[in-house]
Amino acid sequence: MNRSILFAISVSALAAVAGAGFWLGSQSSPAVVVTPPPPPRSLTPGATTEAKATPKPSALSLDQAMAIALPKDRMEAIALAASAAVASRDVAALTEMAKSILAPDDRMAFVQATVAALSKRDPAAALAFAKGLPSSAFRADAIGEALQGMAERNPVGALGEALTSLTGLDYHNAVIGIAGVWGRVNPQQAMQWSGTPAAASVRNEVLETIASQWARTQPQQALNALGGRPADETGVLGYNAVLGTWAQTDPQAAVQWASQNAARLGSERPLEIALMNWAGHDPAAATASLGAMNQPEMQQRIAPQLASQWATTEPIQATRYASTLPAGATRTQAVGAAVESWAGYAPSDALRWAAALPSVADYRTLAMQTAAQAAMEQSGGQPDRFLANLPPNQRAEVQALFSQMEPPATNNVSQ
């Protein structure tokens, strides 16, 4: 059965509501509208007449907008021109204006700003404008942005347009974007749609997107909605999305729910996701919670990840956590992961810490090798300058490590 028939069967009973918001993957829209300055007033006291009027917004050309906005920002000028031109809702004129901008970056910025502004006023016109653009790397993204504007009022219609206007990866990305909009405004309806045949080709991605959006405001309701689904790979992805989002606002509740339901789900991955997201903003609390669970297998799986993540902001605390884990492979791996993250931005400090470890520490060798390798790579193959930061009794050992390493192919000099 083809996609068109599946789509017609599965969405015919659904109503419409949703919201907008993606452009070129993760890039944010620079649709900053600069208000034109007021016309200059007469310097004569008491005068009421105004001097030469500023061009009306609908008449602003790109050159005029540049004159108003410069020297502030070129992108502001382009956004101003787009916003002014959109007031006319003349799709043909907007398309010609886009084609007349020769610089690729300027044209892309104009298209982006135009679609964003037009979607708020007239989603159908925004879609017509995007479709009328010449084939390019960003035409499909413009259509996707316009479809999300349409999805604010009619997600089913937006999905139908995606089916007829896009193919392959462009269709895939647009549907995920529409699902995210739908999940924000009417998550119950979006979740229902995610289980239909029309969503089959993108089910995992749209379920994650909808569940994550729903969890921003109603995590318990999102979990309840997932409760009727089998605990298969797709279902677990939905739970992962909810618990990962929930852990950013109420991590203890998210971890508690995941822990209590792990057996029913047949997977501890949602619990691990909750802990990892908790660690993103409170690694000390997350690692303490993990330690209190007395689950050595889970600790073995995620302790190195937690230590690595923690070391990006608090390396001393992260290495202390890793080095106090129970002796064994997990501790060694966690220390190595923390040192690797640390050495990525401060190789000298990481190397000095590793060299100062007691020789009886079973993780010292890995920590030394990891830090020394980072120093070698970031010094462009000339790591001897790092030796000056070490006590004299440690330099020979580190120098021996350096001598055993191949210098990097290219110079990438760091601190």
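Residues numbered from 1 in each chain as written. Predicted model: local features only at pLDDT ≥ 70, side-chain atom pairs only at ≥ 80, totals over all residues. Heavy atoms only, no water.

Here we come to the overall build of the protein chain. Along the protein chain, the regular secondary structure elements total 22 helices and 0 strands. The buried share of the protein chain, reckoned over its 415 residues, is 48%. Intrachain contacts of the protein chain at a sequence separation of at least 6 include 63% that bridge at least 24 residues. Within the structure as shown, the protein chain displays about 19700 Å² of accessible surface, and the carbon and sulfur contribution to it stands at 52%. (Helix = DSSP H or I, 4+ residues; strand = E, 2+ residues; numbered from the N terminus. Buried < 20%, exposed > 50% of the residue type's maximum accessible area, 1.4 Å probe, protein only. Contact = heavy atoms within 4.5 Å. Areas by Shrake-Rupley, 256 points an atom, 1.4 Å probe, with all protein chains shown as cover.)

Now for the packing of aromatic side chains. In this description, an aromatic ring pair is defined by two values, namely the gap between the centres and the angle between the planes. For the coordinates displayed, the defined rule picks out 4 aromatic pairs. Judged by centre distance (5.8 Å) and plane angle (25°), the ring pair of Tyr-239 and Trp-257 falls under stacked. Of this pair, Tyr-239 sits in helix α13 (residues 233-246) while Trp-257 sits in helix α14 (residues 251-265), and the two are 18 residues apart along the sequence. Overall, Tyr-239 belongs to the buried group, its relative accessible area being 1%. Sitting over the ring of Phe-386, Arg-385 keeps its end group 4.7 Å from the ring centre. (Phe/Tyr/Trp six-rings, centres within 6.5 Å; stacked < 30°, edge-to-face > 60°. Lys NZ or Arg CZ within 6 Å of the ring centre and 35° of its normal.)

Before going further, it helps to examine the environment of Gly-132. Along the chain, Gly-132 turns up in the loop between α6 (123-131) and α7 (139-151). According to the relative accessible area criterion, Gly-132 is partly exposed, its value standing at 34%. As for Gly-132 and Ala-92, which are separated by 40 residues in sequence, their C-alpha atoms are 8.3 Å apart. In this view, Gly-132 contacts Thr-95 and Lys-99; residues no more than four positions away in its chain are not counted.

The biggest cluster of nonpolar side chains holds 115 residues, and the ones touching the most others in it are Trp-193 and Leu-275. Here the element with the most residues in this core is helix α9 (residues 168-185); it accounts for 8 residues. When residues no more than four places from it in sequence are discounted, the contact partners of Leu-275 are Val-255, Ala-286, Ser-289, Leu-290, Met-293, Met-298, Ile-302 and Leu-306. (Core = buried A, V, L, I, M, F, W, Y, C linked by side-chain atoms within 4.5 Å.)

The next thing to look at is unusual backbone geometry. Although it is not a glycine, Asn-294 adopts a positive phi angle of roughly 55°. What makes Asn-294 exposed here is its relative accessible area of 65%.

Right, let's get into the pattern of salt bridges. In this structure the tally under the stated criterion is 9 salt bridges. The closest approach of N and O atoms between Glu-161 and Lys-131, which form a salt bridge, is 3.0 Å. Residue Glu-161 is located in helix α8 (residues 155-165), and its partner Lys-131 is located in helix α6; the two are separated by 30 residues in the primary sequence. The class of Lys-131 is partly exposed, set by a relative accessible area of 35%. Among the salt bridges present, the one from Arg-269 reaches Glu-272, with a minimum N-O distance of 2.9 Å. Here Arg-269 pairs with Glu-272, and both are found in helix α15 (residues 269-279), just 3 residues apart, close to one helical turn. By relative accessible area, Arg-269 is classed as partly exposed at 35%. (Salt bridge = Lys/Arg side-chain N within 4 Å of Asp/Glu carboxyl O.)

Turning to helix α10 (residues 187-194), a few remarks are in order. Taken across its 8 residues, α10 has 6 buried, putting it largely inside the fold. Those residues of α10 not exposed but buried are Pro-187, Gln-189, Ala-190, Met-191, Trp-193 and Ser-194.

Turning to the packing of helix α20 (residues 347-355) against helix α21 (residues 364-378), a few remarks are in order. α21 packs onto α20 with a crossing angle of 155° between their chain directions and a minimal axis gap of 9 Å. The angle between α20 and α21 falls in the class roughly antiparallel. Relative to α21, the crossing made by α20 is left-handed. Touching Pro-347, Ala-350, Leu-351, Trp-353, Ala-354 and Ala-355 of α20 are Arg-364, Ala-367, Met-368, Ala-371, Ala-372, Ala-374, Ala-375 and Gln-378, all from α21. Of the residues assigned to the contact of α20 with α21, the class counts are 12 nonpolar, 1 polar and 1 charged. (Axes fitted to C-alpha atoms, helices over the stretch in contact; angles between N-to-C directions. Parallel < 35°, antiparallel > 145°, perpendicular 65-115°, else oblique. Left-handed = near helix turned anticlockwise from the far one by under 90°. Nonpolar A, V, L, I, M, F, W, Y, C, P; charged D, E, K, R; others polar.)

A few words on the confidence of the model for the protein chain. For the protein chain, mean pLDDT is 79; residues scoring 70 or higher make up 77% of the total. When the elements of the protein chain are averaged for pLDDT, helix α1 (residues 3-11) gives the smallest value, 37, and helix α18 (residues 315-323) the largest, 97. A low-confidence stretch, residues 1-60 (pLDDT under 50), is modelled with 120 contacts involving residues beyond four sequence positions or located in other chains. In the predicted structure, residues 411-415 sits below a pLDDT of 50 and forms 19 contacts with residues beyond four places in sequence or in another chain. (pLDDT = per-residue confidence, 0-100.)

Another point: α15. Buried residues dominate α15, accounting for 9 of its 11 residues. Among the residues of α15, those classed as buried are Pro-270, Leu-271, Glu-272, Ile-273, Ala-274, Leu-275, Met-276, Trp-278 and Ala-279. Packing partners of the buried residues in α15 comprise α13, α14, α16 (283-292) and α17 (296-311).

As a further point, take the environment of Glu-145. Take Glu-145: it is sitting in helix α7. Accessibility expressed as a relative area gives 9% for Glu-145, which makes it buried. Through-space distance from the C-alpha of Glu-145 to that of Ala-174 is 7.9 Å; in sequence the pair is 29 residues apart.

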